[in-house]
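Residue-level structure breakdown
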Amino acid sequence: MSDFTVSLQAAERFIKENDRFLVVNHVNPDGDATGSLLAMGWLLRQLGKQVTLVNEGPTPEKFMFLPGASDILDASKADVQKHDVVITCDCADKARVGQIADWFAEGCQLLNIDHHPTNDGYGTVNLVRSEAAATAEVLYDFIQAMKLPVSKETAVCLYTGLLTDTGGFRYSNTTSHVMGIASSLLSTGVEPGKVAERVLETITKPYLALLTRVLPTIEFSESGQVASMAVSLSDMLETGAADEDTEGLVNYGRNVEGVEVGILYKQKAENQVKVSLRSRERVDVSAVAKSLGGGGHVRAAGCTIHGTIEEAKRILSQKLREAFQKGEKS
Ligand SMILES: [Mn+2]
C-alpha cells in the first residue's frame, strides 16, 4: 500500500470519527485555497457534519460567486471560536493560517490537506501529495477514495482550484490526471467559460491603476535572466488596490523573453517586504525561498524579508547568484 493510500485512510477516519469541524485556509487566499475550503465544507455537510469555515480576512470578491462563499466567516470581524478539530487546506506550514491560529483549541486534532513540497507535516493527520497541481486535486482524490458523489457545488469549487493553480491549465503541473479530473468535474454541469471569466479574465480598476505604476519599476539583472518589480505601501494606498490585486504581477517580469526568474517585491510594512518568485525552467525558487524562511513550489515560491525593498533586493540578488551557479552545475 502506498504512503498516500495510508494517508487517505487516516484522513477518512479523521472525518468519520469527528462531528464538528473548523475548516481554514491560508492568508490572502487564492483560488485553490478558497475552492478547497468550500469543497471541504460541502463534503462535510454532505456527511451530516457541523462545519465552520473561516478566512483570516474577507474572501476575495472574485471568488464570491462560488457556492457557499457567503458562509465563510471573516476572522478579523468575528468573535474567536475555539475548535478541537481543525482541517487546514493549502497551507504549507501552520503559520500560513495567520491570526486564525487563535481559533485552534490547545492540543486540537488537525488534518493537513495540501500539495506544497515544502509542507512540514504539521498535522495530526497529513494528506499531502507534492506532485498534485492543487489542493483541489488532492481533495478530489480523497472524495473518490471515500466513494462519495461530487455535487455540482463541490465541482465548481474544485474546478476553480485546479484552474487557478495551473494558471488556466497552462503550467507544467497540468498533467493528464488534472485534465481527467477537470473533465469529470465539467460533466457535473460546471461552466468553464463562466469560471474562467470570473477568476482569470476580469480585472478591477484598482488593479489596472496599480499595474500602470508597477510596470515602470521593472529592472533586469546584468545577465538579463532576472526581472524584478516593486510595489510600495504608497502604491497600494494611492491606487486603492487590494492584496489580491498584486497577484500575477510577478509574471510580467518572468514572461519577458530570456528571463529565467521573475521577482515581485511587495512592501507590507515600513520594514517588511513580501517577495514572490517565479522561474521558467532551471532555477528551483522553492529552495531559494526556503533558505530565507519561506516556501512554495519549484516554479512559484515566496518569502518575507525584514528590511526595506532595497535590502530585500540585495539579499535576493546574492541568493539568486548562488542558485544560478547551482543550476549550471547540475
Ligand atoms: Mn494550491
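Since the model is a prediction, treat every value here as computed from it, not as a measurement. Here, residues in each chain are numbered from 1, in the same order as that chain's written sequence. Restriction of local features to residues with pLDDT of at least 70 applies here, the model being predicted, together with a cutoff of 80 or more for giving and counting side-chain atom pairs; totals for whole chains, interfaces and linings are based on all residues. Computation of side-chain values: all heavy atoms of the structure, hydrogens and water removed.

Quick look at the overall build of the protein chain
A count of helical and extended segments in the protein chain gives 11 helices and 12 strands. On C-alpha atoms alone, the protein chain measures out to a radius of gyration of 20 Å, which is about the 20 Å that the 2.2 N^0.38 rule sets for 330 residues. By principal-axis analysis of the C-alpha atoms, the protein chain measures approximately 60 × 45 × 40 Å. Classification of residues uses two cut-offs on accessible area relative to the type maximum, computed with a 1.4 Å probe and protein chains only: under 20% is buried, over 50% is exposed, and between them is partly exposed. Relative to its 330 residues, the protein chain shows a buried fraction of 51%. A fraction of 62% describes how many contacts in the protein chain between residues 6 or more apart in sequence connect residues 24 or more apart. In this description a helix means any DSSP run of H or I spanning at least four residues, a strand means any run of E spanning at least two, and both kinds are numbered starting from the N terminus. In this treatment the radius of gyration is a C-alpha quantity, and the globule benchmark scales as 2.2 Å times the residue count to the 0.38 power. Should any heavy atoms of two residues lie within 4.5 Å, those residues are considered in contact.

Things to note about the packing of helix α3 (residues 135–145) against helix α4 (residues 152–165)
Axes here refer to lines fitted to C-alpha atoms; in helices the fit is confined to the stretch in contact. Angles between the N-to-C directions go from 0 to 180 degrees. Viewed as axis vectors pointing N to C, α3 and α4 meet at an angle of 140°, and their least axial separation amounts to 8 Å. The residues of α4 that touch α3, namely those facing Ala136, Glu137, Leu139, Tyr140 and Ile143, are Thr154, Leu158, Gly161 and Leu162. Gly counts as polar in this scheme, as do all residues outside two lists: the nonpolar Ala, Val, Leu, Ile, Met, Phe, Trp, Tyr, Cys and Pro, and the charged Asp, Glu, Lys and Arg. Within the contact of α3 with α4, the residues separate by chemical class into 6 nonpolar, 2 polar and 1 charged.

Considering unusual backbone geometry
In this structure, Lys147 is a non-glycine residue whose phi angle is positive, near 55°. Looking at the element boundaries, Lys147 is found in the loop between α3 and α4. Phi at Phe169 takes a positive value of approximately 60°, unusual for a residue other than glycine. As for its placement among the helices and strands, Phe169 is situated in the loop between α4 and α5 (176–186).

Focus on the sheet that holds strand β10 (residues 272–279)
If you walk across this open sheet you meet the 6 strands as β7-β8-β9-β10-β12-β11, and the pairing is mixed. A single partner strand is all that each edge strand has here, and the edge strands are β7 (219–220) and β11 (295–296). When strand β9 (residues 261–269) meets β10, the two strands line up antiparallel, connected through 8 bridges. Paired with Leu264 across the strands is Ser276, a residue of β10. Any two strands with at least two DSSP bridges between them are considered paired.

Focus on the packing of aromatic side chains
We call Phe, Tyr and Trp rings a pair once their centres come within 6.5 Å, taking the six-membered ring for Trp, and we label the pair stacked below 30 degrees between planes, edge-to-face above 60, and tilted otherwise. Counted by the stated rule, this structure contains 2 aromatic pairs. Ring geometry for Phe14 against Phe21: centres 6.4 Å apart, planes inclined by 50°, an arrangement best described as tilted. Like Phe14, the residue Phe21 is buried in the burial classification. Centroid distance Tyr159 to Phe169: 5.8 Å. Interplanar angle 65°. Geometry classified as edge-to-face. You can see Tyr159 sitting in helix α4 and its partner Phe169 sitting in the loop between α4 and α5, a full 10 residues away along the chain. There is no split in this pair, since Tyr159 and Phe169 are both buried. For a lysine, the NZ atom is tested; for an arginine, the CZ atom; a charge sits over a ring if that atom is within 6 Å of the ring centre and within 35 degrees of the ring normal. Seen from the ring of Trp42, Arg45 lies directly overhead, with NZ or CZ sitting 5.1 Å from the centre. The ring of Phe4 carries the charged tip of Arg129 above its face, separated from the ring centre by 5.3 Å.

Thoughts on the sheet that holds strand β3 (residues 73–74)
Ordered by their spatial adjacency, 6 strands build an open sheet running β3-β2-β1-β4-β5-β6, and the pairing between neighbours is parallel. The two strands at the open ends of the sheet, each matched to only one other strand, are β3 and β6 (125–128). In terms of strand pairing, strand β2 (residues 50–55) meets β3 through 2 bridges, oriented parallel. From the neighbouring strand, Val54 faces β3, where its bridge partner is Leu73. Contacts between helix α1 (residues 3–17) and the sheet are confined to β1 (20–24), β4 (83–89), β5 (104–114) and β6, with β6 contributing the most and set at about 125° to the helix. Those strands touched by helix α2 (residues 31–46) are β1, β2, β4 and β5, and its axis lies near 170° from that of β2.

Section: the pairing of β9
Of all 9 residues making up β9, 7 are buried, and the element is well covered by its neighbours. Judged from the 6 bridges that link them, strand β8 (residues 226–231) and β9 form a sheet pairing that is parallel. Along β9, the bridge assignment pairs Val226 with Val261. Following β9, the chain reverses through 2 residues before pairing antiparallel with β10.

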